[in-house]
There are 2 protein chains.
Amino acid sequence: MHERGILFVLTGPSGVGKGTVLKEVRGQRELYLSISATTRQPRPGEQDGVHYFFLTREQFEKKVAENGFLEHAEFSGNCYGTPAAPVDAQLDAGHDVLLEIEVQGAMQVHQKRPDAVRIFIAPPSFDELERRLVGRGTEQPEVVRRRLETARHELTMAEQFDYIVVNNTVEQAAADVLAILRAEKCRAARVQVK
Amino acid sequence: MHERGILFVLTGPSGVGKGTVLKEVRGQRELYLSISATTRQPRPGEQDGVHYFFLTREQFEKKVAENGFLEHAEFSGNCYGTPAAPVDAQLDAGHDVLLEIEVQGAMQVHQKRPDAVRIFIAPPSFDELERRLVGRGTEQPEVVRRRLETARHELTMAEQFDYIVVNNTVEQAAADVLAILRAEKCRAARVQVK
């Protein structure tokens, strides 16, 4: 029989570098990522079941009613959520699964899955996050301002997570995340002494 | 101001390979080890304050009465203990400290320092531990038999620890311990978000 996999949640404010850290982590360790469901229209090249599960609003709401999401939210008129069933299938097969999601979603997962291991990626400082977001130069100042406001609020929630990884450099942050993934496999509750 | 260091406790039954794993860990990461106090006579070459703090029984008992040990025990008519003060001095200076001690001692540390991170090194199986202990060929069969009896009891306590590292190979076990040391630095309670 397989040992059940571990559910990891990786979150952090917009602009903190979650995606880059995760890419580095996945280059060094096999890790199943969840696929989100959304009601927004597929963009060119996006495949159903690969990039997203594309659902109608009716299908999405039915799934919400059935408690079929680990977390869900609405952004700019579209619904997004993490379907529970594919995640559980991987966990049951003994694979660790990582959800890279927004901070609010991560809080929801904690309610539904208190055994999930939750990692918060934090910037070296708020000023540094601001520099990174402004420095991108791709967003309108108004959008940047709103993101920073959200980030300031989200950073106050960091202490509610299991781990806080400060993203000073991608290499250091990825090494921290990899250490957490490995250490959690050694948690006494998960190891059978023979 | 320094962040206070973390107190790690490494334990496991006799013959499980704690010392070898720890040597490998220390080759890859700086780590302060505690120095034990003992009432036994120094052996040739042993220096006070380096290999042990050598105390008279009277000095030892005074220290016990003053609650000056993190743990202490008597073996074959000699007292052994881990003096608290030097450990606290290192922790206060921001250094992580590791105590490599017997299972009973590790249980005592938990009482006095509930914030210590406790790692139990387990053999791949009880049979394998037996093979290793017998295979050494350095001990009398009676000594081996007693150690195995103790080990069998100690293994039932593993689940009370924070982590269980199964020593399949020295490299894997050392990597697990290193991951635990690194991950624990990222525990949310220990990280200040700026």
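Just so we're clear, the structure is a prediction, and the values are computed from it rather than from any experiment.

## Some words on the environment of R118(A)
All names here are of chain A.
Line of reasoning, step 1. Within the secondary structure, R118 is located in strand β8 (residues 117-122).
Line of reasoning, step 2. Spatially, the C-alpha atom of R118 lies 7.8 Å from that of T11, the residues being 107 residues apart in sequence.
Line of reasoning, step 3. Setting aside anything within four residues of it in sequence, one finds R118 in contact with V9, A106, M107, H110, Q160, F161, D162 and Y163.
Line of reasoning, step 4. Looking at R118, its side chain comes within polar contact range of the main-chain oxygen of Q160, at 2.5 Å.

## Observations regarding the pairing of β8(A)
Residues and elements named next belong to chain A.
Line of reasoning, step 1. Of all the six residues making up β8, six are buried; the element is thus mostly covered by neighbouring parts of the structure.
Line of reasoning, step 2. Alternating residues of β8 divide into V117, I119 and I121 and R118, F120 and A122, and every residue in both groups is buried.
Line of reasoning, step 3. Bridge count for strand β1 (residues 7-11) against β8 is four bridges, and the pairing is parallel. Within β8, the position partnered with T11 by the bridge is F120.
Line of reasoning, step 4. For β8 and strand β9 (residues 163-166), the ladder comprises four bridges, and the chain directions are parallel. Note that in β9 the partner of I119 across the bridge is Y163.

## A few points about the interface of chain A and chain B
By a frequent convention, interface size equals the accessible area lost on bringing the separate parts together.
Line of reasoning, step 1. Taken together, the 27 residues of chain A in the interface contact 27 residues of chain B.
Line of reasoning, step 2. A combined buried area of about 2200 Å² lies between chain A and chain B, and 62% of that area is made up of carbon and sulfur atoms.
Line of reasoning, step 3. Counting across the interface, chain A meets chain B through four salt bridges.
Line of reasoning, step 4. Where E184(A) meets R187(B), a salt bridge forms, and the shortest distance between an N and an O atom there is 3.4 Å.
Line of reasoning, step 5. Taken together, the connections running from chain A to chain B amount to 14 residue pairs in polar contact (both at pLDDT 80 or more).
Line of reasoning, step 6. Listed by contribution, the elements that provide at least two residues to the side of chain A that touches chain B are β9 and α7 (170-185) of chain A.
Line of reasoning, step 7. The class makeup of the residues in the side of chain A that touches chain B is 18 nonpolar, two polar and seven charged.

## Focus: the pattern of salt bridges
Line of reasoning, step 1. Applying the stated criterion across every chain, the model contains 36 salt bridges over all chains.
Line of reasoning, step 2. Ionic pairing is found between K62(A) and E66(A), a salt bridge with its closest N-O pair at 3.1 Å. Comparing K62(A) with E66(A) shows no difference in burial state: the two are exposed.
Line of reasoning, step 3. Residue R182(B) is joined to D176(A) by a salt bridge in which the shortest nitrogen-to-oxygen separation is 2.6 Å. Placement of the pair is R182(B) in helix α7 (residues 170-185) and D176(A) in helix α7, with the two residues belonging to separate chains.
Line of reasoning, step 4. Of the residues examined, R182(B) reaches a relative accessible area of 32% and is grouped as partly exposed.
Line of reasoning, step 5. Judged by relative accessible area, D176(A) falls into the buried class, the value being 9%.

## Side note on α7(A)
Structurally, the α-helix is built with 3.6 residues per turn, so residues lying three or four positions apart point the same way.
Line of reasoning, step 1. Between its terminal C-alpha atoms α7(A) stretches 23 Å, which fits the 22 Å expected from 16 residues at 1.5 Å a residue.
Line of reasoning, step 2. The secondary structure elements touched by the buried residues of α7(A) are β1, α1 (18-26), β8 and β9 of chain A together with β9 (163-166) and α7 of chain B.

## Digging into the packing of aromatic side chains
Line of reasoning, step 1. In total, this model carries 10 aromatic pairs over all chains according to the counting rule given.
Line of reasoning, step 2. For the ring pair Y52(B) and F54(B), a centre distance of 5.8 Å and an interplane angle of 50 degrees mean the geometry is tilted. Across the pair, exposure class does not vary: Y52(B) and F54(B) are buried alike.
Line of reasoning, step 3. Grouping aromatic residues by their ring pairs yields a cluster made of Y52(A), F54(A), F75(A) and Y80(A).
Line of reasoning, step 4. The lysine or arginine in question, R118(B), covers the ring of F161(B), its NZ or CZ lying 4.3 Å from the ring centre.
Line of reasoning, step 5. Directly above the aromatic system of F126(B) lies the positively charged group of R152(B), at a separation of 4.0 Å from the ring centroid.

Thresholds, definitions, all that
- Residues numbered from 1 in each chain as written.
- Chains lettered and ligands numbered in written order.
- Predicted model: local features only at pLDDT ≥ 70, side-chain atom pairs only at ≥ 80, totals over all residues.
- Heavy atoms only, no water.
- Helix = DSSP H or I, 4+ residues; strand = E, 2+ residues; numbered from the N terminus.
- Contact = heavy atoms within 4.5 Å.
- Polar contact = N/O pair within 3.5 Å; in protein donor to acceptor, adjacent residues only side chain to side chain.
- Buried < 20%, exposed > 50% of the residue type's maximum accessible area, 1.4 Å probe, protein only.
- Pairing = 2+ DSSP bridges.
- Buried area = accessible area lost by both parts, 1.4 Å probe.
- Salt bridge = Lys/Arg side-chain N within 4 Å of Asp/Glu carboxyl O.
- Nonpolar A, V, L, I, M, F, W, Y, C, P; charged D, E, K, R; others polar.
- Expected span 1.5 Å × (residues − 1).
- Phe/Tyr/Trp six-rings, centres within 6.5 Å; stacked < 30°, edge-to-face > 60°.
- Lys NZ or Arg CZ within 6 Å of the ring centre and 35° of its normal.

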